[in-house]
Amino acid sequence: MKLGFVSDSLGGLPFETMLDHAKRMGVDGVEVNTCGWSTAPHFPLSSLLGDKQGQKRFINAFEERGLEIISLNANGNPLHPTDSAQGQGLKDTIRVAGEMGIRTVCTMSGLPAGKAADAMPNWVVSSWPPETQTILKYQWEEKIIPFWTDIVALAQKNGVERIALELHGNQCVYNVPSLLKLRQAVGPVVGANLDPSHLFWMGADPLAAAQSLGEAVYHVHAKDTMLNGPVQATTSLLENGSLMDIPARSWSYITLGFGHGEEWWRQFCYRLKMAGYDGWLSIEHEDVLLNSLDGLEKSVALLQGVMPSAPADFKPQAI
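Report follows, based on the coordinates. Predicted model, so just to flag it, every value in this text is computed and none were measured.

A short note on the overall build of the protein
Link 1 in the chain: Helices and strands together make up the secondary structure of the protein, namely 11 helices and 10 strands.
Link 2 in the chain: Rg of the C-alpha trace for the protein: 20 Å, near the compact-globule value of 20 Å for 319 residues, within the 12% margin.
Link 3 in the chain: On the principal axes, the C-alpha backbone points of the protein span a range of 60 × 50 × 50 Å.
Link 4 in the chain: Nonlocal contacts in the protein, meaning residues at least 24 apart in sequence, comprise 77% of its contacts between residues at least 6 apart.
Link 5 in the chain: Summed over its atoms, the accessible surface of the protein is roughly 14,700 Å², and 53% of this surface lies on carbon and sulfur atoms.
Link 6 in the chain: Taken as two groups, the 24 positive and 34 negative side-chain charges of the protein have centres that lie 6 Å from each other.

As structure tokens, then:
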């Protein structure tokens, strides 16, 4: 496996300073945010699209430091019913990835409205009352499958081989069954960006998810979640309080090792290996209490100590 981090983890730093820290920390590459819910401070998508010289300068900044571009990440809601810029951002990210020879794009599946006349996304997480099933039928049959059929065709046209969908709340694809459902409908260009932090707060088991997804794991975000037991006991994990008020929340994103210890991350890496995954671990630092650079350094150190980094070479002796 290879180790890197998401560029927005150090989004407050200039582009080359961010890369200098990546080199200093000894990671192998950086995953670059391009649009959507990110201001994309390190990647001016609109100006780089079609700009061969600008793309070359961007790539050279990585190569000069012995780093790789892990993937481009268009982390928004491409099926937003009123904000078409998010879907366009994904399409432009796929196009510029093709121009730059980047074969993996990370994104979200999208969340449309509940019916054609609605203006806000609608996330259905229960099977009752009965109108929830009407909403799901509309979302999947009228929106998500047609949209992703077109996106897969666009990816293939531009040489993007893998689109890794983050299993994320407030998206149509948020767990193993929904990922496999979309993959069955549109084909194997679509796979999973397995981020354990979201599965933790939704009550799933990332270890079991890795095993169930198998070859459909295309990318991994390394992000941890703290489950705040005393608050969870009365609030549940259905939390809509401020992300900045950690003590009041039932769960929060947190630096690796602060929510789940080294032993858990060791098992996670091994389960990924068992499932056949030998790709990137891309740290996404979103801990609001720790300094971003300090938290990222701690996360890098933890994963460097537990992740497989060399090919297996054991063979039974010929006895």
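What about the sheet that holds strand β5 (residues 162–166)?
Link 1 in the chain: Here eight strands make up a closed barrel; going around it, the order is β1-β2-β3-β4-β5-β6-β7-β10 and the pairing parallel. On average, each strand axis in the sheet is inclined to that of its neighbour by 30°, with strand direction left out of account.
Link 2 in the chain: Strand direction decides the pairing type here: β5 and strand β6 (residues 190–194), joined by four bridges, are parallel. Bridging across to β6, Leu-165 finds its partner in Ala-192.
Link 3 in the chain: Where helix α5 (residues 131–157) meets the sheet, it contacts β4 (104–107), β5 and β6, and its direction lies at approximately 140° from that of β5.
Link 4 in the chain: Here helix α8 (residues 206–213) sits on the sheet and contacts β6 and β7 (217–222); the angle it forms with β6, its principal contact strand, is near 160°.

Examining helix α4 (residues 84–100)
Because each turn of an α-helix spans 3.6 residues, side chains separated by three or four positions end up pointing in the same direction.
Link 1 in the chain: Across its 17 residues, α4 extends 24 Å between first and last C-alpha, which sits within 8% of the 24 Å expected from 1.5 Å per residue.
Link 2 in the chain: Immediately downstream of α4, the backbone of Gly-101 shows phi near 75°, a positive value.

Details of the pairing of strand β10 (residues 280–283)
Link 1 in the chain: Alternating residues of β10 divide into Trp-280 and Ser-282 and Leu-281 and Ile-283, and every residue in both groups is buried.
Link 2 in the chain: Where strand β1 (residues 2–6) lies against β10, four bridges are found, and the strand directions are parallel. The residue bridging Gly-4 from the neighbouring strand is Ser-282, located in β10.

Quick notes on the pattern of salt bridges
Link 1 in the chain: Counted by the stated rule, this structure contains 11 salt bridges.
Link 2 in the chain: Its salt-bridge partner being Lys-223, residue Glu-286 comes within 3.0 Å of it at the nearest N-O pair. Here Glu-286, found in the loop between β10 and α11 (292–306), pairs with Lys-223, found in the loop between β7 and β8 (224–227); they are 63 residues apart in sequence, far enough to count as distant.
Link 3 in the chain: On the basis of relative accessible area, Glu-286 is assigned to the partly exposed category, the value being 35%.
Link 4 in the chain: The exposure class assigned to Lys-223 is buried, which follows from its relative accessible area of 2%.
Link 5 in the chain: Close ionic contact of Lys-273 with Asp-278 constitutes a salt bridge, the shortest N to O distance being 3.1 Å.
Link 6 in the chain: In this structure Lys-273 comes out as partly exposed when scored by relative accessible area, which is 29%.
Link 7 in the chain: By sharing partners, the salt bridges in this structure join Glu-16, Asp-20 and Arg-65 into a single network.

Some remarks on the packing of helix α10 (residues 262–274) against α11
Link 1 in the chain: Running from N to C, α10 and α11 cross one another at 55°; their axes reach a closest spacing of 9 Å. With respect to each other, α10 and α11 are oriented oblique. Classified by chirality, the crossing of α11 by α10 is right-handed. Across the interface between the two elements, Glu-262, Trp-265, Arg-266 and Cys-269 of α10 pack against Leu-302, Leu-303, Gly-305 and Val-306 of α11.
Link 2 in the chain: Residue composition of the contact of α10 with α11, grouped by class: five nonpolar, one polar and two charged.

Some words on the layout of surface pockets
Summary: where empty space remains is shown by rolling a probe the size of a single water molecule over the atoms.
Link 1 in the chain: Within this model, the largest pocket holds a volume of roughly 860 Å³.
Link 2 in the chain: Around the largest pocket sit 39 residues that line it, and His-168, Lys-223, Leu-243, Tyr-253 and Glu-286 are the ones nearest its centre.
Link 3 in the chain: Elements that contribute at least two residues to the lining of the largest pocket include exactly α7 (196–202) and β9 (251–254).
Link 4 in the chain: When residues of the lining of the largest pocket are assigned to their parent elements, the largest contribution, three residues, is made by β9.
Link 5 in the chain: When grouped by side-chain class, the residues that make up the lining of the largest pocket number 14 nonpolar, 17 polar and eight charged.

Reading the values: rules and limits
Residues numbered from 1 in each chain as written. Predicted model: local features only at pLDDT ≥ 70, side-chain atom pairs only at ≥ 80, totals over all residues. Heavy atoms only, no water. Helix = DSSP H or I, 4+ residues; strand = E, 2+ residues; numbered from the N terminus. Rg over C-alpha atoms; globule rule 2.2 N^0.38 Å. Contact = heavy atoms within 4.5 Å. Areas by Shrake-Rupley, 256 points an atom, 1.4 Å probe, with all protein chains shown as cover. Lys, Arg positive; Asp, Glu negative; His and termini not counted. Charge placed at Lys NZ, Arg CZ, Asp CG, Glu CD. Pairing = 2+ DSSP bridges. Axes fitted to C-alpha atoms, helices over the stretch in contact; angles between N-to-C directions. Expected span 1.5 Å × (residues − 1). Buried < 20%, exposed > 50% of the residue type's maximum accessible area, 1.4 Å probe, protein only. Salt bridge = Lys/Arg side-chain N within 4 Å of Asp/Glu carboxyl O. Parallel < 35°, antiparallel > 145°, perpendicular 65-115°, else oblique. Left-handed = near helix turned anticlockwise from the far one by under 90°. Nonpolar A, V, L, I, M, F, W, Y, C, P; charged D, E, K, R; others polar. 1 Å grid on protein atoms, 1.4 Å probe; cavity = no way out; pocket = protein on both sides within 12 Å on 5 of 7 lines; lining within 4 Å. Points joined across faces, edges and corners; volume = space filled by probe spheres on them.

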